[in-house]
Amino acid sequence: MGTTAPRLARWHEDAGLPASLSLAGMSAIATILTRPLRAATWRELAYLLLGGVMAVVAFTVVVTGISTVASLLITLIGIPLFVGFAYVNRGLAWLERRRTSFLLGESVAGVYKPPARRGFVPLLKAVVTDSQTWKDLAWLIVVSMVGFAFAVTAVTLWATALYLLSYPLWWWIVPDAALPELGGDDRRPDTWGWAALAGAAGIVGILLTTWICAGLARVQALLARLLLAPSERQRLVGRVDELSRTRAVAADAQAAELQRIERDLHDGAQARLVAVSMDLGRAQEKLEDDPEGARRLVESAHEEARNAIVELRQLVAGIYPAVLADRGLDAALSSVAATSRVPVSLDVDLPARVPPAAEVAAYFVVAESIANVNKHSGAARADVRVRANGDELVVEVSDDGHGGADASTGTGLAGLAARVEALDGRLRVASPAGGPTVVRAEIPCAS
């Protein structure tokens, strides 16, 4: 618009047009006349045509599914069929959300009620009581009618407009008797004037068709968003459920971590300190009668005390590394990379320190991932990238190993996922058989 306005102003002045014809009016006229050349026009046409295809599919699925489930619902077979029908509808609704997002230029998400626990009965209850299940079905019924009608309308309008636009060419090439009639009573344009008039009508028809199709596409997309996008209440309920789940997982992970710390203290440093106390007690008893034996016991106690200090430092580092608090994430990750048997390439680009909770989560994502690389991957090298992406801290650890890592099997990756999700972040693991493995964490870090 920055260069268009001066051009319109100069053209307005050079053409000697009246001042009452404002630049805004001219811009509106230009928008109307250039509508067929815009990419949005063809996107709307594609949306309407795909709606016609989806209408046929939706009609077939809905009619077949409802009739089959209704006829078998009085038997036990009908119940699992109903759940399967609901999930087929969810798949079609997912495609419709993608189609609607394609037109509106915004994401249309679906929020479904998760089962309270494992098992078929909780799954059935969640499906039946979830309002989005019925909204999906309602949309498929709507699109089976609206999508087909709008697609047929769009095809008819475009075919008519293009026929009229190309009529002068057909009139010139094809004999008069072979031309289709324009109206009843065997009336055909038989002069260049009539043919040109038909072509002009085609131009007007294309302009009108583009705007009519735009309106039809917009109406269908808004209906789709109304039924397929979650309501405000659904979003809030889904958010509360997600927060409850992540907080419960975080609480379980914290309890497990406390148990690990207690076990490490009891079996490690505490046992060594008890041994130190016993050695010192025995040394005290031998101090006068056996000074040499007392000296050996003191040396043994000293060695045990040193080992206890090392174990306590390792334990503290496993809770919150001192280098992370003192020198930041870059230095802490450098220490992780330096102690790895597999060569690690480290690339940290942070303009400033991020909140401590995000730093700790990022540190443990890298530390656990590198530990897995050393233990299980068979990799020759690993790469670590840390970036600030807006209000998110993005951590990516990749290796060239044999793959096969799975965060859903209750391994250390599951604990990392719980730690990241407790901060409303996301952890994704891509590790196909044969590799490579990529662990990507997106951690909110807004202060």
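Residues numbered from 1 in each chain as written. Predicted model: local features only at pLDDT ≥ 70, side-chain atom pairs only at ≥ 80, totals over all residues. Heavy atoms only, no water.

Student: How would you sum up the pattern of salt bridges? Please name residues and give values.
Tutor: Per the stated rule, a full pass over the model turns up 15 salt bridges. A salt bridge links Arg 426 to Glu 392, with the shortest nitrogen-to-oxygen separation between them at 2.9 Å. With Arg 426 in strand β4 (residues 426-430) and Glu 392 in strand β3 (residues 392-399), this residue pair connects regions lying 34 residues apart in the sequence. For Arg 426, a relative accessible area of 39% gives the class partly exposed. (Salt bridge = Lys/Arg side-chain N within 4 Å of Asp/Glu carboxyl O. Helix = DSSP H or I, 4+ residues; strand = E, 2+ residues; numbered from the N terminus. Buried < 20%, exposed > 50% of the residue type's maximum accessible area, 1.4 Å probe, protein only.)

Student: Describe the environment of Gly 199, naming the residues involved and giving the relevant values.
Tutor: Relative to the elements of secondary structure, Gly 199 occurs in helix α8 (residues 192-228). In this structure Gly 199 comes out as buried when scored by relative accessible area, which is 7%. Along the chain, Gly 199 and Tyr 167 lie 32 residues apart, while their C-alpha atoms are 6.0 Å from each other. Discounting chain neighbours no more than four positions away, the residues touching Gly 199 are Leu 164, Leu 165 and Pro 168. (Contact = heavy atoms within 4.5 Å.)

Student: Lay out the pairing of β4 in plain terms, naming residues and giving numbers.
Tutor: Pairing analysis gives five bridges linking β4 to strand β5 (residues 437-444), with the strands arranged antiparallel. Note on β5: the bridge partner recorded for Arg 428 is Arg 440. (Pairing = 2+ DSSP bridges.)

Student: Lay out a nonpolar patch on the surface in plain terms, naming residues and giving numbers.
Tutor: A cluster of nonpolar residues, Val 56, Phe 148 and Val 152, forms a patch on the protein surface that exposes about 260 Å² of accessible area. Mapped onto the elements, Phe 148 comes out in helix α6 (residues 131-165). (Patch = residues over 30% accessible without salt bridge, like charges linked within 9 Å, V, L, I, M, F, W, Y side chains within 5 Å. Areas by Shrake-Rupley, 256 points an atom, 1.4 Å probe, with all protein chains shown as cover.)

Student: An account of the nonpolar core is requested, with residue identities and associated values reported.
Tutor: Leu 393 and Val 395 are the most contacted members of the largest nonpolar core, which totals 34 residues. Listing elements by their share of this core, those giving two or more residues are α12 (329-338), α13 (356-377), β2 (382-389), β3, α14 (412-421) and β5. Ignoring anything within four residues of it in the chain, the contact list for Leu 393 reads Leu 329, Leu 350, Val 354, Ala 358, Ala 362, Val 386, Arg 387, Ala 441, Glu 442, Ile 443 and Cys 445. The next biggest cluster of nonpolar side chains, apart from the first, holds 33 residues, and it includes Leu 103, Val 127, Leu 137 and Ala 154. (Core = buried A, V, L, I, M, F, W, Y, C linked by side-chain atoms within 4.5 Å.)

Student: Explain the sheet that holds β3 residue by residue, including any values.
Tutor: Judged by pairing direction, the sheet is mixed, and its five strands sit side by side in the order β1-β2-β3-β5-β4 without closing on themselves. A strand with exactly one partner marks an edge of an open sheet, and here the two such strands are β1 (344-349) and β4. Geometrically, the sheet is characterised by an average inter-axis angle of 10° between neighbouring strands, direction not taken into account. Summarising the sheet, β1 and β2 pair through six bridges and their orientation is parallel. Directly across from Val 344, in β2, lies its bridge partner Ala 382. Lying over the sheet, α12 contacts β1, β2 and β3, oriented at roughly 175° with respect to β1. Packing of α13 onto the sheet brings it into contact with β1, β2, β3, β4 and β5, and relative to β3 it is tilted by some 5°. (Axes fitted to C-alpha atoms, helices over the stretch in contact; angles between N-to-C directions.)

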